[in-house]
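Structural description and commentary
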Amino acid sequence: MKKTIPTFKTDEEAERFVDTADLSEYDLAGQFVKFELRPKDKTVSLRLPEALLNEVRIRAQRAGMPYQRFIRMAVERALHEPKSSTP
């Protein structure tokens, strides 16, 4: 039986794991593994309606990530979408 991927608290822990582990020993089937390795050096304050923030938190929880990371990923996806011909 293959091992499961451990949970990491920091990017450094994840980097150390990937650098030293024999990944062939781990069960990677059906798992989504994402490492955030770029530093986050700016803070943004954003006011949202309570209902919208609650929905963001619910969706982030379903995705298994903190809600702030979920918001950041949504912004990144929006910026990487192909541009439409209409403004």
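About the thresholds
Residues numbered from 1 in each chain as written. Predicted model: local features only at pLDDT ≥ 70, side-chain atom pairs only at ≥ 80, totals over all residues. Heavy atoms only, no water. Helix = DSSP H or I, 4+ residues; strand = E, 2+ residues; numbered from the N terminus. Buried < 20%, exposed > 50% of the residue type's maximum accessible area, 1.4 Å probe, protein only. Axes fitted to C-alpha atoms, helices over the stretch in contact; angles between N-to-C directions. Parallel < 35°, antiparallel > 145°, perpendicular 65-115°, else oblique. Contact = heavy atoms within 4.5 Å. Phe/Tyr/Trp six-rings, centres within 6.5 Å; stacked < 30°, edge-to-face > 60°. Lys NZ or Arg CZ within 6 Å of the ring centre and 35° of its normal. pLDDT = per-residue confidence, 0-100.

Right, let's talk about the environment of Pro39 for a bit. Tracing the sequence through the fold places Pro39 in the loop between helix H1 (11-20) and helix H2 (50-63). The class for Pro39 is exposed, based on a relative accessible area of 70%. For the pair Pro39 and Asp11, spaced 28 residues apart in sequence, the C-alpha separation works out to 9.4 Å.

Let's shift gears to the packing of H2 against helix H3 (residues 67-80). Packing of H2 against H3 leaves a shortest axis separation of 8 Å and a crossing angle of 95°. Comparing their axes, H3 and H2 come out roughly perpendicular. Here H2 contributes Leu53, Val56, Arg57, Arg59, Ala60 and Ala63 to the contact with H3, which in turn contributes Tyr67, Phe70 and Ile71.

In this section: the packing of aromatic side chains. Per the stated rule, a full pass over the model turns up two aromatic pairs. Aromatic pair Phe8 and Phe17: ring centres 5.2 Å apart, planes at 45°, arrangement tilted. Residue Phe8 is classed as partly exposed on the basis of its relative accessible area, which comes to 24%. Exposure remark for Phe17: the relative accessible area of 12% places this residue in the buried category. Relative to Tyr26, the ring of Phe17 has its centre 5.2 Å away and its plane inclined at 80°; by these criteria the two rings are edge-to-face. Through a chain of ring-to-ring contacts, the aromatic side chains of Phe8, Phe17 and Tyr26 assemble into a single cluster. The lysine or arginine in question, Arg57, covers the ring of Tyr67, its NZ or CZ lying 4.6 Å from the ring centre.

Scored by pLDDT, the protein has a mean of 83; 85% of the residues are at 70 or more. The spread of mean pLDDT over the elements of the protein runs between H1, the lowest at 84, and H2, the highest at 94.

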